[in-house]
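Listed below are the residues making up each chain.
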Amino acid sequence: MVDLKAEFPLRDDVLYLNHAAVAPWPRRTRDAVVAFADQNIHLGARDYPQWLAVEARLRERLGWLINADPADVALLKNTSEGLSVIAEGLDWRPGDRVVISDQEFPSNRIPWQALADRGVDVVEVDVSGEGAEQRVIDAIGEGTRLVSLSSVQYGGGIRLDLAPIGRACRERGVLFCVDAIQSLGAVAFDAAACCADFVVADGHKWMLGPEGLALFYARPAAREQLAVHQYGWHMIEAAGDYTRKDWRVAEGATRFECGSPNMLATHALDASLSLFQELGMDTVETALRERVTWLYDGLAARGAELLSPADPARRAGIVTFRLPDEAPADTRARLQAGGVVCAERGGGVRLSPHFHTDYSVMERTLTLL
Ligand SMILES: Cc1ncc(COP(=O)(O)O)c(C=O)c1O
């Protein structure tokens, strides 16, 4: 049994509803980082082979989280880097098109727009309201090379049904890329079931890890379409054989990891993800859904205008709202003064609890409103 109170000793005056931005760590992650720091001051890197075992375990855990082979998972710096590796790795032709949503975080828009000088067009599809998936599928036309979507939009928190979009892409020979940073650790995710070619997500939101270490999944057939642009000792087949002069790019996803890994963040994210494996994603998703529903209904009862979808199946961990008689910036400032950690996004105030959030945190937040 996981003792959630012990894992999340947030101060009583901190009402943390900002997991869609940067999440608090569980205690076990702090312990792993402290233990790693202690090793470093007392032993240096003497036990590096053990660190490599932690790194291998982290890849296993990430594979588990998205139902993928760990050999297809690379550890990159962040989501933006992962999306840029894809954008810069494909051999674009003038007239190629990339389909995204009209609500993407800049990380999943700018790398594609930056291809304009190669003749690539970016098409934005409205994903609010009913029929979003079909509108995305309908936007796949001549010249479409890739569809890149956030599984959950960062502002209003719209959750897309990825499988039909992924299937449509696969049938048409179009690549499907998912920015899953607002999903992984919040709701179950299956890269195979949604026919994703690429999945990218940093660990500092719903996965409860530190900033600066991201999952980068590339399906083997899609990986082969990406030219490698960063080189070093680590991304070759015989990494570690430093005297050997001939080399070839690593078979697996490590080909995108050019040099020394971020071992500190590796230890931290590995610890964070152990919590999800202990609990199971079903438990996590159910607990989060209950909290999000509670918040959504509570806000509606207080007359707030809800900007997030009413259909629970269309939501993950985000509830965005505004009050009829107050600017969102003022509402957020008022909440912040009362101890609430939240964000102004998507035209309103964005609240994002997690599975561990105590109901008293949400009750006190609604009382402040
Ligand atoms: C949907 C989405 N993608 C990407 C990012 C940022 O990614 P990173 O900082 O890992 O590049 C965010 C951060 O808020 C986000 O919400």
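Rules of the game
Counting of residues starts from 1 at the beginning of each chain's written sequence and follows it residue by residue. At least 70 in pLDDT is required for a residue's local features to be given in this predicted model, at least 80 for side-chain atom pairs to be given and counted, and no such filter applies to totals for whole chains, interfaces and linings, which use all residues. Calculation of side-chain values draws on the structure's entire complement of heavy atoms; hydrogens and water are dropped beforehand. Each helix is a run of H or I in the DSSP string that is no shorter than four residues. Each strand is a run of E no shorter than two, and both are numbered from the N terminus. Buried residues are those whose accessible area, probed at 1.4 Å on protein chains only, stays under 20% of the maximum for their type, while exposed residues exceed 50% and partly exposed ones sit between those limits. Any two residues having at least one pair of non-hydrogen atoms within 4.5 Å are treated as being in contact. Each domain's extent is set by a domain assignment, obtained either automatically or from a database. In this description, buried area is defined as the sum, over both parts, of the accessible area (probe of 1.4 Å) that is lost when the two are combined. Salt bridges are defined as contacts in which a side-chain nitrogen from Lys or Arg sits within 4 Å of a carboxyl oxygen from Asp or Glu. Nonpolar residues are Ala, Val, Leu, Ile, Met, Phe, Trp, Tyr, Cys and Pro. Charged residues are Asp, Glu, Lys and Arg, and all others, Gly as well, are polar. Axes here refer to lines fitted to C-alpha atoms; in helices the fit is confined to the stretch in contact. Angles between the N-to-C directions go from 0 to 180 degrees. Orientation is classified from the angle alone, with under 35 degrees giving roughly parallel, over 145 giving roughly antiparallel, 65 to 115 giving roughly perpendicular, and any other angle giving oblique. The hand of a helix crossing depends on one turn: near helix anticlockwise from the far one by less than a right angle means left-handed, and clockwise means right-handed. Throughout, near means a residue has at least one heavy atom within 4 Å of the molecule or strand. Any pair of N or O atoms that falls within 3.5 Å is considered a polar contact. Within protein, one atom must be able to donate a hydrogen and the other to accept it, and sequence-neighbouring residues count only if both atoms are side-chain atoms. Surface accessibility in these figures is a Shrake-Rupley result with a 1.4 Å probe; residues are shielded only by whichever protein chains are displayed. UniProt positions are given in the numbering used here, feature names are shortened, and annotations may be inferred rather than shown by experiment. Each nonpolar core is a collection of buried residues, namely Ala, Val, Leu, Ile, Met, Phe, Trp, Tyr and Cys, held together in the definition by side-chain atoms within 4.5 Å. If DSSP finds at least two bridges between two strands, the strands pair. Only centres within 6.5 Å qualify two rings of Phe, Tyr or Trp (six-membered ring in Trp) as a pair; their planes then separate them into stacked at under 30 degrees, edge-to-face at over 60, and tilted for everything else.

A. Region of the structure containing the side chain of Glu81. With respect to the helices and strands, Glu81 occurs in helix α4 (residues 79–89). Taking relative accessible area as the criterion, Glu81 reaches 15% and is therefore assigned buried. Look past the residues within four positions of Glu81 in its chain and what remains in contact with it is Leu76 and Gln230.

B. Molecular detail of the domain arrangement of the protein. Segmentation of the protein into domains returns domain 1 (4–17 + 281–368) and domain 2 (38–277). Computed over C-alpha atoms only, the centres of domain 1 and domain 2 are separated by 28 Å. The partner domain 2 presents 23 residues to the 23 residues of domain 1 that form the contact. Across the interface of domain 1 and domain 2, roughly 1,900 Å² is buried in total on both sides, 61% from carbon and sulfur atoms. Taken together, the connections running from domain 1 to domain 2 amount to two salt bridges. Salt-bridge contacts for Arg159 lead to Glu285; the nearest nitrogen and oxygen are separated by 3.6 Å. Among the elements that make up the side of domain 1 that touches domain 2, the one with the highest residue count is helix α10 (residues 281–301) (four residues). Broken down by class, the residue content of the side of domain 1 that touches domain 2 amounts to 11 nonpolar, seven polar and five charged.

C. Just the packing of α10 against helix α12 (residues 359–368), in detail. Look at α10 against α12: their axes get within 11 Å of each other, and the N-to-C directions meet at 15°. On the basis of the axis angle, α10 is roughly parallel to α12. Crossing of α10 over α12 shows right-handed handedness. Residues Glu290, Arg291, Trp294, Leu295, Gly298 and Leu299 of α10 form the contact with α12, whose own contacting residues are Tyr359, Met362, Glu363 and Leu366.

D. A look at the site of the ligand. Inspection of the region around the ligand gives 13 residues, with Thr79, Ser80, Asp179, Asp202 and Lys205 positioned closest. A distance of 2.5 Å separates an oxygen atom of the ligand from a polar side-chain atom of Ser80. In the environment of the ligand, an oxygen atom lies 2.8 Å from a nitrogen or oxygen atom belonging to the side chain of Asp202. Taken by itself the ligand offers 400 Å² of open surface, and the protein chains cover 88% of this.

E. Quick look at the UniProt feature "domain: Aminotransferase class V" (unreviewed entry) in the protein. UniProt records the feature "domain: Aminotransferase class V" (unreviewed entry) at residues 16–341, using the numbering of this structure. Helix makes up 37% of residues 16–341 and strand 14%, with an end-to-end C-alpha separation of 5 Å.

F. Representation of the nonpolar core. Core analysis: the biggest nonpolar cluster contains 52 residues, and Ile66, Val147, Leu184 and Phe189 have the highest contact counts within it. With five residues, the top contributor of residues to this core is helix α9 (residues 263–279). Taken domain by domain, the makeup of this core includes at least three residues from each of domain 1 (4–17 + 281–368) and domain 2 (38–277). In this structure Ile66 touches Leu184, Phe189, Asp190, Ala191, Ala192, Leu215 and Tyr217, once residues within four positions along its chain are discounted.

G. Highlighting the sheet that holds strand β10 (residues 319–322). Overall, antiparallel pairing links the four strands, which are arranged β9-β10-β13-β12 in an open sheet. The sheet terminates laterally at β9 (305–306) and β12 (343–345), the two strands that pair on one side only.

H. Structural detail: α4. Burial within α4 is extensive, with eight of its 11 residues counted as buried. Every buried residue belonging to α4 is among Thr79, Glu81, Gly82, Leu83, Val85, Ile86, Ala87 and Gly89, and all of these are buried.

I. Local environment of the packing of aromatic side chains. Under the criterion given, the structure shown has nine aromatic pairs. Between the aromatic rings of Phe105 and Tyr154, the centroid separation amounts to 5.0 Å while the plane-to-plane angle is 80°, which identifies the pairing as edge-to-face. With Phe105 in the loop between β3 (97–101) and α5 (110–113) and Tyr154 in the loop between β5 (144–150) and α7 (162–172), this residue pair connects regions lying 49 residues apart in the sequence. Aromatic pair Trp233 and Tyr242: ring centres 6.0 Å apart, planes at 75°, arrangement edge-to-face.

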